[in-house]
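# Close look at the chain arrangement
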Amino acid sequence: MKKVYLLMLAFAMVTGTVQAKDDEGQNMYDYELSLSIEHQATTSGFKVFKVWSFGRKKEAVTQEINMRNAVHGILFKGLVAGDMGKQGNVPPLVPDGYESHREYFDAFFSSGEYKQFVQATSRGLVYAGDVIKINSKRYKVGMLVQVNVNGLRKRLEKDGIITSVGNIFRR
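Residues numbered from 1 in each chain as written. Predicted model: local features only at pLDDT ≥ 70, side-chain atom pairs only at ≥ 80, totals over all residues. Heavy atoms only, no water.

### Observations concerning the pattern of salt bridges
As a reminder of what qualifies: Think of a salt bridge as a Lys or Arg side-chain nitrogen and an Asp or Glu carboxyl oxygen that are within 4 Å of each other. A run of DSSP states H or I qualifies as a helix once it reaches four residues; a run of E qualifies as a strand once it reaches two. Both are numbered from the N-terminal end. Think of it in three bands: residues with accessible area under 20% of the maximum for their type are buried, residues over 50% are exposed, and the middle band is partly exposed, with areas taken using a 1.4 Å probe on protein chains only.
One pass over the structure, following the stated rule, counts nine salt bridges. Between Lys115 and Glu64 there is a salt bridge whose closest N-O contact spans 3.5 Å. With Lys115 in the loop between helix 3 (102-110) and strand 3 (118-120) and Glu64 in helix 2 (residues 63-76), the pair connects residues that are 51 residues apart, well separated along the chain. With a relative accessible area of 37%, Lys115 lands in the partly exposed category. Residue Lys158 is joined to Asp159 by a salt bridge in which the shortest nitrogen-to-oxygen separation is 3.5 Å. Because the salt bridges share partners, they merge into one network encompassing Glu113, Arg155, Lys158 and Asp159.

Okay, structure coming up:
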């Protein structure tokens with residue numbers, strides 16, 4: 001029983017999001033990431049996956065919002081490859097969370113710097129099956145993206161946000 005409780009607690013900590021709100025009072029970082037076998041065609045250092053963003057209007061969930069949420073997810077949630085075991089997993093690059101370097105990440109996202117690490121693999125097109133009406137006031141919109149995980153990691157190391165793996169072993 002204790003193991004189940006600890007597992008649920010760890011899951012709750014990993015899936016927590018920043019509660020920033022947009023102009024309409026909606027949670028800016030309201031999304032899910034999904035990785036499946038069909039999204040495994042990747043090059044070294046890049047990860048292709050689907051980001052699902054939520055919004056009150058399907059038109060409000062833009063390509064930019066999906067791409068921002070994809071980078072946010074890689075940084076703070078990580079990517080779990082459920083149907084492939086641990087092979088496709090990407091742990092969060094910043095396990096300490098957004099709050100650990102709030103000013104840095106506020107500037108990183110508001111200036112659009114995150115855009116150099118992500119691109120839409122389908123030219124930003126959202127297909128019919130990627131728009132799901134959850135209820136009368138909520139939509140879920142998916143988009144396939146590619147994130148340069150290695151480039152993002154190197155940038156965070158250079159900026160002193162995370163420690164490089166090489167520095168861990170130096171003394």
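### Thoughts on the pairing of strand 4 (residues 131-135)
Rules: At least two DSSP bridges between two strands are needed for those strands to be called paired.
Across four bridges, the pairing between strand 4 and strand 5 (residues 138-148) is antiparallel. Within strand 5, the residue paired with Lys133 across the bridge is Tyr139. What sits between the antiparallel neighbours strand 4 and strand 5 is a turn of two residues.

### Some words on the nonpolar core
What counts here: Working definition of a nonpolar core: buried Ala, Val, Leu, Ile, Met, Phe, Trp, Tyr and Cys residues. They are joined through side-chain atoms within 4.5 Å. Between two residues, a contact is recorded if the distance between any of their heavy atoms is within 4.5 Å.
Membership of the largest hydrophobic core comes to 34 residues, with the highest contact counts inside it found for Leu75, Phe105, Phe108 and Phe109. Where this core is concerned, the elements lending two or more residues are strand 1 (31-34), strand 2 (46-55), helix 2, helix 3, strand 3, strand 5 and helix 4 (149-158). The dominant element in this core, judged by the number of residues it contributes, is helix 2, at six residues. Not counting residues up to four positions away in its chain, the partners in contact with Leu75 are Pro92, Leu93, Val94, Phe105, Phe108, Phe109, Leu152 and Leu156.

### Remarks on the side chain of Lys140
Under the convention used in this document: What qualifies as a polar contact is a pair of N or O atoms within 3.5 Å, subject to a donor-acceptor requirement within protein and to the restriction that residues adjacent in sequence count only when both atoms come from side chains.
Looking at where Lys140 falls in the secondary structure, it is placed in strand 5. Under the relative-accessibility criterion, Lys140 is labelled buried at 17%. Within the structure, Lys140 has its side chain in polar contact with the side chain of Glu32 (distance 3.1 Å). With near-sequence residues (within four places) excluded, Lys140 lies in contact with Glu32, Trp52, Ser53, Phe54, Asp130, Val131, Ile132 and Ile134.

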